[in-house]
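# Structural description and commentary
Below are the chains, spelled out letter by letter.
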Amino acid sequence: MDTITENILNVTLLEPRQKHPTIFARFDDLEEGESLTIHNDHDPKPLYYQLLGERGNIFIWEYLEEGPQSWKVRISKRITGENEETLGAIAAKDLRKAEVFKKYGLDFCCGGKKTVKEACAEKGIDVTKIEKELQQADKHPSARPLPYNDWNLDFLADYIVNTHHSYVRKTLPDIKGYALKVAQVHSAQHPELIPIQQLVEEVNKELTEHLVKEEKILFPFIKELVMAKDRSQSPRAVQFGSVQNPIQMMEAEHETAGKCMEEIRTLSNNYALPEDACASYSLLFKMLNDFEEDLHIHVHLENNILFPKAVALERHLNP
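Remember, it's a predicted structure, so these values are computed and weren't measured experimentally.

With that out of the way, let us pick up the environment of Val212. Position of Val212 among the secondary structure elements: in helix α9 (residues 193–230). The partly exposed category is assigned to Val212, whose relative accessible area is 40%. Taking the C-alpha atoms as reference points, Val212 and His165, 47 residues apart in sequence, are found 9.6 Å from one another. Setting aside residues no more than four positions away along its own chain, Val212 makes contact with Arg169 and Ile217.

Right under this line is the structure:
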């Protein structure tokens, strides 16, 4: 039976007191993987939260039609053992969906281990709105993103170094210089520029040391794991034990840098320029915004793709 087209419940034909009990009964009768489509004359969003509260996170909610006269929602029962994806996993499969997360301030890189529901609950954001935009992203044609998730780990590590590490090294000195210059000239009228300049210095110190540790220790060992797999060998013993140990350190440093950039964004009111902003002021905020955008992708590639796959590879080689 085609459950999507045939399993339909027109709620408008029911008495108000029968609506939710009938929907719940029909949902409970679904087999895993099956769906129920409800038709209603208003947005049934309250049903979403009632279903979540009483049945738990065992369903997928998808709007098929949204008013103004008619609403259609497909409710599918999850398959047991099929966990809801995290922000990082969603972005790893399709980086275009990260634009939805960035739009609503949902951290998909350092905070990428949270589910959509968890992240929305923390921010007080309507989860149905986010899920709807994620579903729409699947339907909108756009340029195919780079297939980071398909790349070999040694290639991905080199890409990160050549693209994102080189960007940090090239850009941070200029950001440091402009942050100091703008703070010296404009901090009397805009005192937030002083902590912004201090945070830029902290980011510079954190990332300068961080990149060296990745390039000299962690990434070479990840490449050794790839080579060991290709040669059907066991990886050599290293002083730091498991690859998980330096990875945990790198993730903690990612979080520190990410929080600094988030604080800069807050202090600058999302990089809003005051009326008396000079060219250097404007350039500083533009560079900071671009730097944060690049850092999100940089950390995402490591936290959500490179690092988990390196851990899995090491476990495979050392069962």
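This part covers unusual backbone geometry. Residue Pro68 follows Gly67 across a cis peptide bond; omega there is 5°. Checked against the element boundaries, Pro68 lands in the loop between β3 (59–66) and β4 (71–77). With a phi close to 60°, Asn270 is a non-glycine residue in the positive phi region. Even without being glycine, Tyr271 reaches a positive phi, approximately 60°. Relative to the helices and strands, Tyr271 is located in the loop between α10 (244–267) and α11 (279–317).

Between its first and last C-alpha, α11 extends 55 Å over 39 residues, near the 57 Å set by a 1.5 Å rise per residue. At Leu306, α11 shows its strongest bend, of approximately 30°, with the proline Pro308 following within four residues.

Below, the discussion takes up the pattern of salt bridges. According to the stated counting rule, one finds 20 salt bridges in the structure shown. Residue Lys93 is joined to Glu85 by a salt bridge in which the shortest nitrogen-to-oxygen separation is 2.5 Å. Note that Glu209 is salt-bridged to Lys205, the shortest N-O span being 3.4 Å. Here the residue Glu209 and the residue Lys205 both occupy positions in helix α9, the gap between them amounting to four residues, near one helical turn. Residue Lys205 is classed as exposed on the basis of its relative accessible area, which comes to 53%. In the salt-bridge network here, residues are joined through shared partners; they are Glu99, Lys102 and Glu293.

Procedures and definitions
- Residues numbered from 1 in each chain as written.
- Predicted model: local features only at pLDDT ≥ 70, side-chain atom pairs only at ≥ 80, totals over all residues.
- Heavy atoms only, no water.
- Helix = DSSP H or I, 4+ residues; strand = E, 2+ residues; numbered from the N terminus.
- Buried < 20%, exposed > 50% of the residue type's maximum accessible area, 1.4 Å probe, protein only.
- Contact = heavy atoms within 4.5 Å.
- Expected span 1.5 Å × (residues − 1).
- Bend = angle between axes of the 7 residues up to and from the residue.
- Salt bridge = Lys/Arg side-chain N within 4 Å of Asp/Glu carboxyl O.

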